[in-house]
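Commentary on secondary and tertiary structure
The lines below spell out each chain.
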Amino acid sequence: MEFLFQPWPWYITGPLIALILFLLYYLGKSFGVSSNLETLCALGGAGNFLEYFKFDWKKNSWNLVFLVGAVLGGFISYQWLTPNEAIALSAATIQDLSTLGFENIGTSFLPDEIFSIDSLLTVKGFFILLIAGFLVGFGARYAGGCTSGHAIVGLSNLEFPSLISVIGFFIGGVFMTWIILPILF
Amino acid sequence: MRYLKFLLVGILFGIILSKGEVISWYRIYEMFKFQSFHMFGVIGSTVAIGIFLMILFKKGIIKTYWNDTIRVAPKRKGISRNLLGGTIFGLGWALAGACPGPMFILLGRGSIAIGIVILGALIGAFSYHSVKSKLPH
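Residues numbered from 1 in each chain as written. Chains lettered and ligands numbered in written order. Predicted model: local features only at pLDDT ≥ 70, side-chain atom pairs only at ≥ 80, totals over all residues.

Some thoughts on the overall build of chain A
The secondary structure content of chain A amounts to 10 helices and zero strands. Counting from the amino terminus, helix and strand elements in chain A follow one another as α-α-α-α-α-α-α-α-α-α. Its C-alpha atoms give chain A principal-axis dimensions of about 50 × 45 × 35 Å. When contacts within chain A are restricted to residue pairs at least 6 apart in sequence, those whose partners lie at least 24 apart make up 45%. (Helix = DSSP H or I, 4+ residues; strand = E, 2+ residues; numbered from the N terminus. Contact = placed C-beta atoms within 7 Å.)

As for the overall build of chain B
Counting its regular elements, chain B contains six helices and zero strands. The secondary structure elements of chain B, listed N-terminal to C-terminal, are α-α-α-α-α-α. Once the C-alpha set of chain B is aligned to its principal axes, its extents read approximately 40 × 40 × 40 Å. Counting the 137 residues in chain B, one finds 56% classified as buried. Counting contacts in chain B only where the partners sit at least 6 residues apart, residues at least 24 apart contribute 43% of the total. (Buried ≥ 20, exposed ≤ 12 C-beta atoms within 10 Å, placed from the backbone.)

A closer look at the interface of chain B and chain A
One frequent convention defines the size of an interface as the accessible area lost when the parts assemble. Tallying the contact residues gives 99 residues for chain B and 109 residues for chain A. For the side of chain B that touches chain A, the secondary structure elements donating two or more residues are α1 (4–19), α2 (25–32), α3 (38–58), α4 (79–96), α5 (100–107) and α6 (112–131) of chain B. Tallied by class, residues from the side of chain B that touches chain A come to 59 nonpolar, 28 polar and 12 charged. (Nonpolar A, V, L, I, M, F, W, Y, C, P; charged D, E, K, R; others polar.)

Section: the packing of helix α3 (residues 35–43) of chain A against helix α4 (residues 61–81) of chain A
The relative placement of two packed helices comes down to the angle between their axes together with the axis-to-axis distance. Residues and elements named next belong to chain A. α4 packs onto α3 with a crossing angle of 110° between their chain directions and a minimal axis gap of 10 Å. It follows from the interaxial angle that α3 and α4 lie roughly perpendicular. Together, Ser 35, Asn 36 and Thr 39 of α3 and Asn 63, Leu 64 and Leu 67 of α4 make up the contact between the two elements. Among the residues making up the contact of α3 with α4, the classes are represented as two nonpolar, four polar and no charged. (Axes fitted to C-alpha atoms, helices over the stretch in contact; angles between N-to-C directions. Parallel < 35°, antiparallel > 145°, perpendicular 65-115°, else oblique.)

Some words on the environment of Leu 130 of chain A
With respect to the helices and strands, Leu 130 of chain A occurs in helix α8 (residues 123–143). Note: C-alpha distance between Leu 130 of chain A and Leu 120 of chain A (10 residues apart in sequence) is 9.9 Å. Discounting chain neighbours no more than four positions away, the residues touching Leu 130 of chain A are Ile 116, Leu 119 and Gly 120 of chain B.

Some remarks on the nonpolar core
One finds Leu 21, Leu 135 and Val 136 of chain A together with Phe 89, Met 103 and Val 117 of chain B to be the most contacted residues of the largest nonpolar core, which totals 91 residues. Among the elements that line this core, the one with the most residues is α8 of chain A, at 10 residues. Setting aside residues no more than four positions away along its own chain, Phe 89 of chain B makes contact with Leu 135, Val 136, Gly 139, Ala 140, Ala 143, Cys 146, Gly 168, Phe 169 and Gly 172 of chain A. (Core = buried A, V, L, I, M, F, W, Y, C linked by C-beta atoms within 7 Å.)

Notes on α4 of chain A
Between its first and last C-alpha, α4 of chain A extends 28 Å over 21 residues, near the 30 Å set by a 1.5 Å rise per residue. Those residues of α4 of chain A that sit buried are Trp 62, Asn 63, Phe 66, Leu 67, Gly 69, Ala 70, Gly 73, Gly 74, Ser 77 and Tyr 78 of chain A. In the core, the buried residues of α4 of chain A are packed alongside α3 of chain A together with α1 and α5 of chain B. (Expected span 1.5 Å × (residues − 1).)

As for the environment of Gly 173 of chain A
For Gly 173 of chain A, the location among the structural elements is in helix α10 (residues 160–184). Since 24 C-beta atoms lie within 10 Å of it, Gly 173 of chain A is described here as buried. Excluding residues within four positions of it along the chain, Gly 173 of chain A makes contact with Phe 32, Gly 90, Trp 93 and Ala 94 of chain B.

Describing unusual backbone geometry
Peptide bonds are trans in most cases, and residues, glycine excluded, mostly fall at negative phi. The phi angle at Leu 158 of chain A is positive, at roughly 55°, despite the residue not being glycine. Mapped onto the elements, Leu 158 of chain A comes out in the loop between α9 (147–156) and α10.

Have a look at this one:
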């Protein structure tokens, strides 16, 4: 039981994500989270504005149910399985973030500097969150997949388009982390 | 009832990504700074097993529960689509510290701010389809 309350190392987490991959295909489906964004748009009535969203969202309802499960899984782990959220970050990461002015680094999963209510209620903070989400949603649908569809399924299936996408993920991620974050904070 | 199994797999997914700290903004920052092996180990070991699974699917050694052959849909080709889309996604992934799965898992932890990120992601997905005819693919 003690194991359930500790953070899991990569060599436990990675193989368990592969188990999710296996289960979804075994159940006759696929593994791709970002297509849910389109299903949710269609569900929300986006079909009234764009022809594309007039598809029958019900055929993807299994994936929405999977997504609801993910929300519940987050709730369950937060309520009962994570007595302490402290993350064993590398010393270099803590050093870099304190240079940017971050405090309480790694004491919980999300930094207050971006995710606290106080940050959310500033114009800058609100737009950082909204634009971050916009880039994820726009980019994932442009590339035709996110971390699950491209980095996990695509790379596993030795897909060249996924390799190009993952290279893109890192070009964008490195540019944001090394160049833009120090300007924002 | 036929959807219950997907709910259970989703719950498992949410717990695994939480316990593995994959949903932490800090872990994504650390990954893009190349300062820890953690995230590379997570994704790398998933893909290593994934490659093995895909081979078993293709050879028909693993079939679905209903004994059907498992087919994995190919990804759409196009350097522009994958490189530009991927780069835009990466910018957002590093800023939000969360990709689509973790966003929803974090919602389950009661983060209101992540709700704004999800709203942005929905607007982003909608916007892509509004302008896609003008984009290189």
